[in-house]
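A structural walkthrough
The lines below spell out each chain.
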Amino acid sequence: MFHAFLVKYGEIGVKGKNRYVFEDALIARIKHVLYPVEGTFQVTKDQGRVYVEAVGVFDYEETVAALQRVFGVVGICPVVKIPNQDIEGLQKEVLSYMHQMYENATKSFKVHTRRVNKRYALNSMEVSAAIGEKILQEFPGLRVDVHEPELILHIELRNYICIYSEILPGPGGMPLGTNGRSMLLLSGGIDSPVAGYMVAKRGVCIDAVYFHAPPYTSERAKQKVVDLAKKVARYTGAIRLHVINFAEIQMYIYDTCPHDELTILMRRYMMRIAEKIAMDTGCLALITGESIGQVASQTVQSIAATNDVCTLPVFRPLIAFDKEDIVTIAKKIDTYETSILPYEDCCTTFVAKHPVTKPRVDVIRRSEEALMGQIEEMVERALAEDEVIEIR
Amino acid sequence: MQAYLDNAATTRCTTRVAEAMVQAMCENFGNPSSMHLMGVKAEQVLRDAKTFFAKNLKVKEKEIYFTSGGTESNNLAILGTAMANQRAGKHLITTVIEHPSVSHPMKALEKQGFRVTYLPVDKDGIVSLEALQEALCEETILVSVMYVNNEIGAVQPIEQIAKLIKEKSKKAYFHVDAIQAYGKYQIYPGKEGIDLLSISGHKLHAPKGVGLLYINEKVKIHPLLHGGGQQKDIRSGTENIPGIVGITEAARACEQHLEEHREQLYHIKQRFVDGVQKLERATVNGRTGKDSAPHIVSVSFEGVRSEVLLHALEERGIYVSAGSACASNKPSISPTLQGIGLAKELLSSTLRFSFSFDTTEEEIDYCLQELAKLLPVLRRYVRR
């Protein structure tokens, strides 16, 4: 019965003169996610509303699912769109709509009319009353409550008429591409894909970097990260995934520095490399999935010691999240199942039995001095061999 | 250089096999159950295949059943006989070193009220005959023992086991998982006292997705799949003619070159074992002589994680397995390696190398040379 959707957006509405930038970005994203969906769609902006209209046959479930992945969308209302007509005709249409949607329902309701077409014979209050009256006659289970109704039936009078009552939730946030680009440090774990998703939700485009260390990490571990990036890309749009071979650097640190500082030192070099790629590719910030105290390398001291090497802002959207909450989001965005596949990543390969948990920045810097002279070349080499995978 | 040394996981489909299959798919593509000429032609192919295997195994044509592979053959043999004979008894016997396609159906039967005895093995992976003698009882309806173990290449004393079973029990059937053995050994179920025998195509240079189960005509068995009643209602489903053509063609080649290829494999294996014994802190598990399978060698490398060594070899074009390939995408401790009493620290330091008739001395030497280079490096970088 539905061939059109009214897309509600939240925060964008309160923007000032640049509001069109956000609306256009939203429309562009909607068109993008609908591209692979079965059907032909028209996406239009009409007096502060975005409409998606299907032309001919289309897959309803797929369409809704696609729209629910568009950041900036707060709600999606499946709409019945009919030609402009007088109140008697409209009453008939509304009753048929109500029969299909709420046969035998017991609910309180109200009718809410928006009269954009100022030439309509009745005013909005009169339309609401006329329709409410008919509904009351026809549906014994429904009663009117204008203050806290369980069901709001919306009637919009334009050059045509829209009827809708359902609002399906969208993800919220801001349309992609309205907030620059950032580089996500993507491991194979549960957290980093969620971190990428959360920052992207604020309108930020995402690129990613993954560190592998063959033969200590396998081809399957890399494939897992590619699969995760694909899942995240369903929300964030295309991701350029940089795969960096970290083995040589890792071995050199292993040979040269105190073992309990290995993880911190490794992470400092990962941040340096990620930042270098970010700067070279126009990313304005880094994103990590760190959460305070989750593991030894994520204590406040450790995060400070890692952060010490960065000049770009580092976004850590999960910083105060408990693991359970992260898992909930990971399940929602369908990355969890992939994340828990048991392939070794390069952070865990050589992790010390008792790594430092309260590193001091000055001590770490001093340990790092032992690496100087040779490690720069290794970093250069790793960067030069950057393997770029386009994820879409 | 490349060296595919994982032939116990799967083998390359030979061109001859592939060509025969293309013919069966694109030209003689009929359904053997169709009443018209195309069906008759396809049925003829099926008959020829059964004739070949009947001769090859010295059994009757009607005792050959084609399946989707080793897992189905083992499942049909175990679940099918258990279901059909449960009134005669609810006791089954198997070993601790079986492939999951045997041990898991056994576990499933345990949940349904069957009792299963898991026979221990010695340090070479050979099943204990004393334990078998003790386990056999009035209630026993099935004994399932693999011919060649897939992880360490141990060869079981099949004839002795069969003799013991027949002595102590009239009704117990003997199922042999010969998936790693067929094509390496000439097996005659009648002579060796085997009632059910599982064979898989893709271990013989045929494709995945086809296998065979020999079922002695006296065996009472229930089908797992119900449908059109093909293969005497024991295995419904349109026969996989291309696959059947493939496995038959591959088995023909095995038969023709059996002795020659086995000698060649033993030669290759000996060369590899000799080389491994020169490596530091590397030990071969189980027997290595002609009383072991000609194509499988299990080696423990002390102080090296098998996964890392495997990937390091992979980087050099050498492909091997850690444990058995079917189970190795979820790292778990191998019951076979535990069964032979391998030291705990070696369980996750063990690789399997498996050869085929087309494995060359150069490939073996290349693998040994790379191992010698890799081991000291990998032993230096370990978790501390």
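Not measured: the values here are computed from a predicted model.

Tallying secondary structure elements over chain B gives 13 helices and twelve strands in all. A globule of 384 residues ought to have a C-alpha radius of gyration of about 21 Å, and chain B, at 21 Å, matches this closely. Expressed as lengths along the three principal axes of its C-alpha atoms, the size of chain B is roughly 65 × 50 × 35 Å. The long-range share in chain B, meaning contacts at least 24 apart out of those at least 6 apart in sequence, stands at 74%.

On to the domain arrangement of chain B. Residue and element names in this part refer to chain B. As assigned here, chain B comprises domain 1 (3-11 + 258-380) and domain 2 (15-256). If you average the C-alpha positions of domain 1 and of domain 2, the two centres end up 27 Å apart. In this assembly, 28 residues from domain 1 lie in contact with 27 residues from domain 2. Partitioned by chemical class, the residues of the side of domain 1 that touches domain 2 number eleven nonpolar, 13 polar and four charged.

Before going further, it helps to examine the sheet that holds strand S14 (residues 314-315) of chain A. Residue and element names in this part refer to chain A. The sheet built from six strands is open, its strands ordered S14-S13-S10-S11-S12-S15 with mixed pairing. Among the strands making up the open sheet, the edge pair consists of S14 and strand S15 (387-391). Sheet topology note: the strand S12 (residues 239-245)/S15 ladder contains five bridges and is antiparallel. Looking at the pairing, Ile239 lines up with Ile391 of S15. Packing of helix H6 (residues 219-236) onto the sheet brings it into contact with strand S11 (205-212), S12 and S15, and relative to S12 it is tilted by some 160 degrees.

Residues and elements named next belong to chain B. Where helix H10 (residues 306-315) meets helix H13 (residues 361-380), the closest approach of the two axes is 11 Å, and the angle between their N-to-C directions is 135 degrees. When the axes of H10 and H13 are compared, the pair comes out oblique. As H10 packs across H13, the resulting crossing turns out to be right-handed. Every residue of H13 that contacts H10 at Val308, Leu309, Ala312 and Leu313 is listed here: Glu370, Leu374 and Leu378.

Glancing now at unusual backbone geometry. With an omega of 5 degrees, the peptide bond between Pro214 of chain A and Pro215 of chain A qualifies as cis. One can find Pro215 of chain A in the loop between S11 and H6. Positive phi outside glycine occurs at Lys58 of chain B, with the angle close to 55 degrees. Although it is not a glycine, His205 of chain B sits at a positive phi angle of roughly 75 degrees. One can find His205 of chain B in the loop between strand S7 (196-200) and strand S8 (211-215). When the 27 C-beta atoms within 10 Å are taken as the criterion, His205 of chain B is described as buried.

Before going further, it helps to spend a moment on the nonpolar core. Note on soluble globular proteins: their nonpolar side chains tend to be buried together. Residues and elements named next belong to chain A. Of all hydrophobic cores here, the largest spans 204 residues; its most connected members are Val7, Met183, Ala208 and Ala274. With eleven residues, the top contributor of residues to this core is helix H8 (residues 262-280). For Ala208, the residues in contact, after removing those within four places along its chain, are Met183, Leu184, Leu186, Gly196, Ala229, Ile239, Leu241 and His242.

The rules behind each value
- Residues numbered from 1 in each chain as written.
- Chains lettered and ligands numbered in written order.
- Predicted model: local features only at pLDDT ≥ 70, side-chain atom pairs only at ≥ 80, totals over all residues.
- Helix = DSSP H or I, 4+ residues; strand = E, 2+ residues; numbered from the N terminus.
- Rg over C-alpha atoms; globule rule 2.2 N^0.38 Å.
- Contact = placed C-beta atoms within 7 Å.
- Domains from an automatic or database assignment.
- Nonpolar A, V, L, I, M, F, W, Y, C, P; charged D, E, K, R; others polar.
- Pairing = 2+ DSSP bridges.
- Axes fitted to C-alpha atoms, helices over the stretch in contact; angles between N-to-C directions.
- Parallel < 35°, antiparallel > 145°, perpendicular 65-115°, else oblique.
- Left-handed = near helix turned anticlockwise from the far one by under 90°.
- Buried ≥ 20, exposed ≤ 12 C-beta atoms within 10 Å, placed from the backbone.
- Core = buried A, V, L, I, M, F, W, Y, C linked by C-beta atoms within 7 Å.

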